[in-house]
Amino acid sequence: MARILAIDYGMKRTGIAVTDEFQIIASGLTTVSTSTLIPFLKDYIANEEVELFLVGEPKQMDNTASESEALIKPFLSKLQNQFPDIPVQRVDERFTSKMAFQTMIDSGLKKKQRKNKALVDEISATLILQSYLYSK
């Protein structure tokens with residue numbers, strides 16, 4: 001089996017999480033600068049087989065698209081153009097940042113460590129991936 005890769009796309013930083021080859025465990029992979037995301041994915045896919053991209057879908061409480069969705073649309077086009085053989089699926093990402101922050105608190109990270117926004121993005125991507133795996 002191939003891996004599933006989850007992307008928590010952001011204007012400055014993008015969190016990335018990935019499954020194991022058996023698609024059982026979701027793990028945070030890294031956070032990259034959004035400007036280097038496509039080259040990072042090319043390098044990753046050159047070494048690992050990926051069968052699905054999950055991209056977070058930011059929504060408002062009333063289920064409408066959030067403002068950041070306008071930033072994600074052009075990225076989705078680039079992603080599909082660069083990797084036409086890998087399907088892209090969207091996953092509701094409401095509350096993932098809040099849940100990521102709570103996870104950091106629950107795991108005992110100190111206040112200074114919890115200010116690491118890159119870690120929040122990586123944990124958010126992991127939560128997106130976990131929610132997908134639970135729904136499967």
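Just so you know, these numbers come straight off a predicted model, no measurement behind them. (Residues numbered from 1 in each chain as written. Predicted model: local features only at pLDDT ≥ 70, side-chain atom pairs only at ≥ 80, totals over all residues. Heavy atoms only, no water.)

J.: Can you explain the sheet that holds strand β2 (residues 13-19)? Please cite residues and give values.
T.: What the five strands build is an open sheet, ordered β3-β2-β1-β4-β5; its pairing is mixed. The sheet terminates laterally at β3 (26-33) and β5 (88-92), the two strands that pair on one side only. When strand polarity is set aside, the average angle formed by the axes of neighbouring strands in this sheet is 25 degrees. Note: strand β1 (residues 3-8) against β2, four bridges, orientation antiparallel. Each residue of the ladder has a partner; that of Asp8, found in β2, is Gly15. Across the face of the sheet, helix α2 (residues 69-82) comes into contact with β1, β4 (50-57) and β5 while running at roughly 165 degrees to β4. (Pairing = 2+ DSSP bridges. Helix = DSSP H or I, 4+ residues; strand = E, 2+ residues; numbered from the N terminus. Axes fitted to C-alpha atoms, helices over the stretch in contact; angles between N-to-C directions. Contact = heavy atoms within 4.5 Å.)

J.: I'd like a description of the side chain of Glu122, backed by residues and values.
T.: Position of Glu122 relative to the elements: it lies in helix α5 (residues 117-135). No salt bridge forms around the buried Glu122; measuring N to O, its nearest opposite-charge neighbour Arg13 is 10 Å away. Ignoring any residue separated from it by four or fewer positions in sequence, one finds Glu122 in contact with Gly15, Ile16, Gly28, Leu29, Thr30 and Thr31. (Buried < 20%, exposed > 50% of the residue type's maximum accessible area, 1.4 Å probe, protein only. Lys, Arg positive; Asp, Glu negative; His and termini not counted. Salt bridge = Lys/Arg side-chain N within 4 Å of Asp/Glu carboxyl O.)

J.: Describe the nonpolar core, with residues and values.
T.: In terms of nonpolar packing, the biggest core is built from 19 residues, with Leu5, Ile7, Leu37, Leu41, Phe53, Phe75 and Leu79 touching the most fellow members. In contact with Leu79, not counting residues within four places along its chain, are Ile7, Ile38, Leu41, Phe53, Val55 and Val88. Within the second largest apolar cluster, twelve residues are counted, among which are Ile4, Ala17, Val91 and Ile128. (Core = buried A, V, L, I, M, F, W, Y, C linked by side-chain atoms within 4.5 Å.)

J.: Describe the packing of aromatic side chains, and please don't skip the residues or the numbers.
T.: As enumerated under the stated definition, the model contains three aromatic pairs in all. Centroid distance Tyr9 to Phe75: 4.6 Å. Interplanar angle 20 degrees. Geometry classified as stacked. Residue Tyr9 is found in the loop between β1 and β2, and its partner Phe75 is found in helix α2; the two are separated by 66 residues along the sequence. Phe75 carries the same exposure label as Tyr9, and that label is buried. Ring centres of Phe40 and Tyr44 lie 6.4 Å apart, and the angle between their planes is 20 degrees; on these two criteria the pair is classed as stacked. In this pair, Phe40 and Tyr44 are both assigned in helix α1 (residues 37-47), four residues apart and thus about one turn of the helix distant. For Phe40, a relative accessible area of 23% translates into the label partly exposed. (Phe/Tyr/Trp six-rings, centres within 6.5 Å; stacked < 30°, edge-to-face > 60°.)

J.: Outline the pattern of salt bridges, supporting the account with residue identities and numerical values.
T.: A full pass over the atoms with the stated rule returns four salt bridges. Across the pair Glu48 and Arg3 runs a salt bridge, and its minimum N-O distance is 2.9 Å. Of this pair, Glu48 sits in the loop between α1 and β4 while Arg3 sits in strand β1, placing them 45 residues apart in sequence. Given a relative accessible area of 14%, Arg3 falls into the buried group. A salt bridge links Glu69 to Lys73; the shortest N-O distance between them is 3.8 Å. Here Glu69 and its partner Lys73 are both found in helix α2, four residues apart, which amounts to about one turn of the helix.

J.: I'd like a description of α1, backed by residues and values.
T.: Residues of α1 that are buried include every one of Leu37, Ile38, Leu41 and Tyr44, and no others. Taken down its axis, α1 places every buried residue within 125 degrees of arc, on the same side. With respect to the buried face of α1, the exposed residues turned more than 90 degrees away are Asp43, Ala46 and Asn47. Packing partners of the buried residues in α1 comprise β1, β2, β3, β4 and α2. (Arc of directions from axis to C-beta.)

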